[in-house]
Amino acid sequence: MHSVAPTSIADTHDSPDVSSTVLTTPDRSASCSPALDEKLNAPGSASSNKSLHSSRSREEPISSPRPIRSICCVGAGYVGGPTAAVLALKNPAIKVTVVDRDERRIRRWNSRHLPIYEPGLAEVVRIARDGLGDVSKVEPQEGSRTPNLFFSTDVSRCISEADAVLIAVNTPTKMRGTGKGCATDMTSFEAVAAEVVRHARDGTIIVEKSTVPCRTAQMIQEMIHIQRPGARFEILSNPEFLAAGTAVQDLICPDRIIIGSAPTPEGLEAAQALAEVYASWIERSRIITTNVWSSELAKLVANSMLAQRLSSINSISALCEATGAEVNEVSRAIGADTRLGSKFLRAGIGFGGSCFKKDVLSLVYLAESLGLYEVGAYWRQVVEMNEYQRDRFAARVIKRLNSTLVTKKICVLGYAFKKNTSDTREAPALEIIKTLLDENPREIAIFDPCCNPLVIEEEIRALQKYGPPLLSDDGGCVKIYSDAYAACADSNAILLVTEFDEFMNFPIPAARPAAQAASPAKTALAGVELSKLQLNEEPGCSLDCPDCQMGTGYGDDGANDADTLPKKQVDWAKISSSMKSPKWLFDGRCVIDVPKMEALGIRVEAIGSSGWSV
Ligand code: UDX
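None of these values were measured; they are calculated from a predicted model.

(A) Layout of the overall build of the protein. A tally of regular secondary structure across the protein gives 21 helices and 14 strands. Residues classed as buried in the protein amount to 56% of the 614 residues present. Contacts in the protein between residues far apart in sequence, at least 24 positions, make up 78% of those at least 6 positions apart. Carbon together with sulfur atoms contributes 54% to the accessible area of the protein, which is approximately 25200 Å² in total.

This is the structure we're talking about:
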């Protein structure tokens, strides 16, 4: 499984963003968004689902719910895999099965070669999937536990055996048809929902985990009315809020859990049953129950508000550059206002990742489809500002290098959309590289400490589809390095594109030890060190295991075993000595200590500050 270029429409089997059990159309855009259903405009219409709307106070007491004993999570991707693993870890008495019809992906989840990399994930999987100690004895040893996390391709059977089914498939942006480039492509979600409705036992709780347009629950409800009239299913919305690179930590210590349900006794009971699952490790006060529509919308709004905050500070960074103000200082000053808070105020080259852009656009589409054009325009501007910020950075690089890159070597440090992940979806790096390529440089060198060079190569090759070769191996000027020093050697300019700790020019406070001390796996186990657990053998690989044969330690998405490798910061003095004068560093993430860098003879231009002057 490789990360896909933002622009490419990749094969579903190779895309980490598709965690579906069903085929999507080649461009994943055949179905329309249920949010646009004409029924959307008529919440009180006759077709509007009764059980989702009949009123009952959320505060009214509800009878004790039937406990959830088995969970089936449909979709073994970035959301489904880590979510299921932590649910299983924290609920040893619940059987959690992750299903996906992608056999390769399931094989990897059942092996030592997990298909995605997230700090702490491998440990959590080892405990829940492989168990602890010997449980075969009549009296199991203290600290032992039976495996309760399973991965399977037998989708319909697993759905039919579960008390609750979580739908965690990919919901990307539609690439064609009505609402293309904006609406949510519900192809996978709709197909999985249909599969669930077809196979689930009467009484199963259906949970929307994927980010979906507001009122998607109604689509499922209508499927139930048509396919299983008389069956009693409750539909809950329980969106994920996990971020790449911190997914396990986010699952173990979430700010909140949102559970949306119908305000009927049955709906509230189902919400309560799901809340019990989370309550095994999360304080009740953090579990928020709402109606289904609020929960569905809250997810879109949460990401949109975060994205809006970044676009706001990024717009201010342009003002800073023109006025002599320093954006980091402005951020610190405003972030100290507790009404604003300090998070998500680091200016940069724009947000990336698989969620922000698509969720803001989904909100835009929702607003526009309701005729709320001003609302749509307001949110669209968040995305436009993001693109402006990225393009502005590339333009500044070119301008500083005397508006020509011919004969120059430019080194791009970082390719993933943020640090500690190998996820390259919507990463600004690729668009910046595209702009630089138009200037015909001598070389563009790329180094990323987390991404598999082969994945980056594939994405660059996808760019050259209709043009001349781009990769150096094919005669082009783009070269992917697996060594930072070789990438920087002989360069005229370095672009810091991802804020990996490895690239910082100041000591990161106890970077690795602290990270390890607070390692998710340890937190998960309330401070118990993994080394003190009776971990069982990981599943063995067959002699012809394709992952072993790759011999790189890379998973599908190209992640290396970064948890176990020490993070080593680069030696900037060494880099400086190998650069061509004048030596330029363009800090796209506002993370470099400028005076220190200048002391090494490197001129720094950073986002949000007026930059180098003689
Ligand atoms: C996001 C949401 O945070 C998460 O709750 C949701 O469920 C999935 O989408 P993710 O995209 O994985 O998570 O990463 P996040 O840490 O939110 O960063 C998003 C982008 O914003 C990255 O490109 C990051 O570099 C950028 N960012 C973040 C900044 O530029 N500055 C900041 O201060 C914070």
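After that view of the structure, there is still more to cover.
(B) The UniProt feature "binding site: substrate" (unreviewed entry) in the protein, seen in detail. As recorded in UniProt, the sites labelled "binding site: substrate" (unreviewed entry) are K299, F344, L345, R346, A347, G348, G352 and K418. Lining the second largest cavity, from the residues named above, are K299. Its location among the elements puts R346 in the loop between α11 (327-335) and α12 (356-369). Beyond its immediate stretch of four places on either side in the chain, R346 contacts L310, I313, E499, R589 and V591. Note that K418 resides in the loop between β9 (409-413) and α14 (428-437). Overall, the relative accessible area of 21% leaves K418 in the partly exposed class. If near-sequence neighbours (up to four positions away) are discounted, K418 is found in contact with A243, A244, T498, E499 and F500. In terms of polar contacts, K418 uses its side chain to reach the backbone carbonyl oxygen of A244, at 2.6 Å.

(C) Fine view of the sheet that holds strand β11 (residues 478-481). With parallel pairing, six strands are arranged side by side in an open sheet as β11-β10-β9-β12-β13-β14. The sheet is open, and its two borders are formed by β11 and β14 (602-606), each paired with just one other strand. The sheet shows a mean angle of 20 degrees between the axes of neighbouring strands, direction not considered. As judged from the four bridges shared by strand β12 (residues 493-496) and strand β13 (residues 583-587), these two strands associate in the parallel manner. Bridging across to β13, L496 finds its partner in D587. Across the sheet, helix α13 (residues 373-400) lies against β12, β13 and β14, angled at about 165 degrees from β13, the strand it touches most.

(D) Focus on the nonpolar core. Judged by nonpolar contacts, the single largest core of 65 residues is most densely connected at I446, I460 and V478. No other element matches the six residues that α14 contributes to this core. Leaving out residues up to four positions away in the same chain, I446 has contacts with V412, Y415, I433, I456, I460, V478, K479, I480 and Y481.

(E) A look at the site of the ligand. The environment of the ligand is made up of 18 residues, and the closest members are A244, R346, G352, K418 and R589. Here F241 contributes a backbone N or O atom positioned 3.1 Å from an oxygen atom of the ligand. For the ligand, whose unbound accessible area comes to 660 Å², protein coverage reaches 91%. Counting residues per element, the shell around the ligand draws most heavily on helix α10 (residues 292-323), at three residues. Two domains share the shell around the ligand, each providing at least three of its residues, namely domain 1 (18-56 + 67-130 + 142-296) and domain 2 (401-519 + 564-614).

(F) Examining the environment of A429 more closely. Here A429 is to be found in helix α14. Separated by 13 residues in the primary sequence, A429 and A416 have C-alpha atoms spaced 7.5 Å apart. Contact partners of A429, with chain neighbours within four places excluded, come to G414, Y415 and V497.

(G) Structural view of unusual backbone geometry. Here the residue pair S581 and P582 is connected by a cis peptide bond, since its omega of -10 degrees sits within 30 degrees of zero. For P582, the location among the structural elements is in the loop between α20 (572-578) and β13. In the Ramachandran plot, E426 falls in the positive-phi region, its phi being about 55 degrees despite a non-glycine side chain. Relative to the helices and strands, E426 resides in the loop between β9 and α14.

(H) Structural detail: the packing of aromatic side chains. Here the structure, examined in full by the defined rule, presents eight aromatic pairs. Relative to F151, the ring of W109 has its centre 5.1 Å away and its plane inclined at 5 degrees; by these criteria the two rings are stacked. Of this pair, W109 sits in helix α3 (residues 103-109) while F151 is found in strand β3 (residues 149-152), placing the two residues 42 residues apart along the sequence. Of the residues examined, W109 reaches a relative accessible area of 0% and is grouped as buried. Here the aromatic rings of F500 and F503 are separated by 5.9 Å at their centres, their planes lie at 85 degrees, and the arrangement is edge-to-face. Taking relative accessible area as the criterion, F500 reaches 0% and is therefore assigned buried. Exposure remark for F503: the relative accessible area of 0% places this residue in the buried category.

Conventions adopted
Residues numbered from 1 in each chain as written. Predicted model: local features only at pLDDT ≥ 70, side-chain atom pairs only at ≥ 80, totals over all residues. Heavy atoms only, no water. Helix = DSSP H or I, 4+ residues; strand = E, 2+ residues; numbered from the N terminus. Buried < 20%, exposed > 50% of the residue type's maximum accessible area, 1.4 Å probe, protein only. Contact = heavy atoms within 4.5 Å. Areas by Shrake-Rupley, 256 points an atom, 1.4 Å probe, with all protein chains shown as cover. UniProt positions renumbered as here; feature names shortened; annotations may be inferred. 1 Å grid on protein atoms, 1.4 Å probe; cavity = no way out; pocket = protein on both sides within 12 Å on 5 of 7 lines; lining within 4 Å. Polar contact = N/O pair within 3.5 Å; in protein donor to acceptor, adjacent residues only side chain to side chain. Pairing = 2+ DSSP bridges. Axes fitted to C-alpha atoms, helices over the stretch in contact; angles between N-to-C directions. Core = buried A, V, L, I, M, F, W, Y, C linked by side-chain atoms within 4.5 Å. Near = heavy atom within 4 Å. Domains from an automatic or database assignment. Phe/Tyr/Trp six-rings, centres within 6.5 Å; stacked < 30°, edge-to-face > 60°.

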